[in-house]
Amino acid sequence: METVAFGWPVVKGDCSAGNPDSCIAVITLASSLEPYDEAAMWGSCKTENLGAEKIIINTVSNSNIRYLLICGNESRGHLAGKTLVALHKNGIDDNGRIIGSDGAIPFIENVGRDVIDRFQKQVTLIERIGLVDLDEIRRIVDEYKGKEDPYYEAAFVVESAKKKCRPAMDITSGDIMISGDVMLDSSSGIVCEVDSN
C-alpha cells in the first residue's frame, strides 16, 4: 500500500514537508514558527476556505498523518483554526458551507465530500489554538510522531479541478476602433491589430 502520494505535499502553499513517516502534522494558523522536521508537515493556514482545502488535500495524500496539531494565533476574521475544527466535527452542508464556522467565507468549493469524509476519519485534531511556545509544540510532536500506524487506506490523491478556458479564437477584426490599426472585439475582450491590406 502506498502511504505517501508521489510529490507530497501535493498542493503547494505555505507549508513544508518534514518527515513523511511521522504521524503528526502541524498547522500554525497565522503564526510564523520555525519548522520542526519531526512533523510530517509544518505550515500556516490563514484562510478558512482555500487554506483549509490545501490542508485537507495534503493530509489525506499522506496516510501516515493521523494527528493534526492546530496551534498558533488565528487570523482576524477568517478564524481558520476554529473553521478546521468545525469542518472536522460537522462537515459541510449542501452548498459547501462549513457547518458551525464563524469565519468570513467558510465555503469548501474544490474538495468533495469524499475527501472531507476521509479527512474526518483519518486524523484526530489536537486543538491548541493560541499556542506559540515552540518547545511545547515540539514536545507534542515528539509525543505523537510515532503513536499510530498509517491509516488503513492508501494515500488519497485528489484530482485538482481544471480551470475552464476559452477556446482559442482567431480574431482579426473588431467592432471598436482604438487607434489606427488597433481594434477591440467587445464580445471577447481581445485587442488585435487589423491588417489594413
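Just above sits the structure.
First, a word on what this report is: a plain description of the structure on this page. As the structure is a prediction and not an experimental result, all values here were calculated from the model.

The next thing to look at is the packing of helix H1 (residues 50-60) against helix H3 (residues 113-122). For the pair H1 and H3, interaxial distance at closest approach is 10 Å and the crossing angle is 65°. One way to sum up the angle between H1 and H3 is to call them roughly perpendicular. For the element pair H1 and H3, the recorded crossing hand is left-handed. Within the contact between the two elements, H1 uses Ile-56, Thr-59 and Val-60 and H3 uses Val-115, Arg-118, Phe-119 and Gln-122. Residues that form the contact of H1 with H3 fall into these classes: 4 nonpolar, 2 polar and 1 charged.

So, about the pattern of salt bridges. Applying the stated criterion across every chain yields a total of 12 salt bridges. The closest approach of N and O atoms between Arg-118 and Glu-153, which form a salt bridge, is 3.6 Å. Here Arg-118 is found in helix H3, whereas its partner Glu-153 is found in the loop between helix H4 (134-144) and strand S6 (176-179), with 35 residues between them in sequence. Accessibility expressed as a relative area gives 4% for Arg-118, which makes it buried. Given the relative accessible area of 34%, Glu-153 is considered partly exposed. What you see here is one network of salt bridges that share partners, running through Arg-128, Glu-136, Arg-139, Glu-143 and Lys-147.

A word on unusual backbone geometry. In this model, Trp-8 is joined to Pro-9 through a cis peptide bond whose omega is -5°. Structurally, the position occupied by Pro-9 is in the segment before strand S1 (15-17). With a phi close to 50°, Leu-29 is a non-glycine residue in the positive phi region. Position of Leu-29 among the secondary structure elements: in the loop between strand S2 (24-27) and strand S3 (41-43). The phi torsion at Leu-79 lies on the positive side, around 50°, for a residue other than glycine. Topologically, Leu-79 is positioned in the loop between strand S4 (67-70) and helix H2 (80-90).

Attention now moves to H1. With respect to burial, H1 is a largely interior element, 9 of its 11 residues being buried. Buried residues belonging to H1 abut S1, S2, S3, S4, H2 and H3.

What follows covers the nonpolar core. Formed by 29 residues in total, the largest nonpolar core has its most connected members in Ile-27, Leu-68, Leu-87, Ile-108, Val-111 and Phe-119. Among the elements of the structure, S2, H1, S4, H2 and H3 are those that each provide at least two residues to this core. Excluding its chain neighbours within four sequence positions, the residues that come into contact with Leu-87 are Ile-56, Ile-92, Ile-98, Ile-108, Ile-116 and Gln-120. Grouped together as the second largest cluster of nonpolar side chains are 17 residues, Val-26, Leu-69, Ile-126 and Tyr-144 included.

What counts and what doesn't
- Residues numbered from 1 in each chain as written.
- Predicted model: local features only at pLDDT ≥ 70, side-chain atom pairs only at ≥ 80, totals over all residues.
- Heavy atoms only, no water.
- Axes fitted to C-alpha atoms, helices over the stretch in contact; angles between N-to-C directions.
- Helix = DSSP H or I, 4+ residues; strand = E, 2+ residues; numbered from the N terminus.
- Parallel < 35°, antiparallel > 145°, perpendicular 65-115°, else oblique.
- Left-handed = near helix turned anticlockwise from the far one by under 90°.
- Contact = heavy atoms within 4.5 Å.
- Nonpolar A, V, L, I, M, F, W, Y, C, P; charged D, E, K, R; others polar.
- Salt bridge = Lys/Arg side-chain N within 4 Å of Asp/Glu carboxyl O.
- Buried < 20%, exposed > 50% of the residue type's maximum accessible area, 1.4 Å probe, protein only.
- Core = buried A, V, L, I, M, F, W, Y, C linked by side-chain atoms within 4.5 Å.

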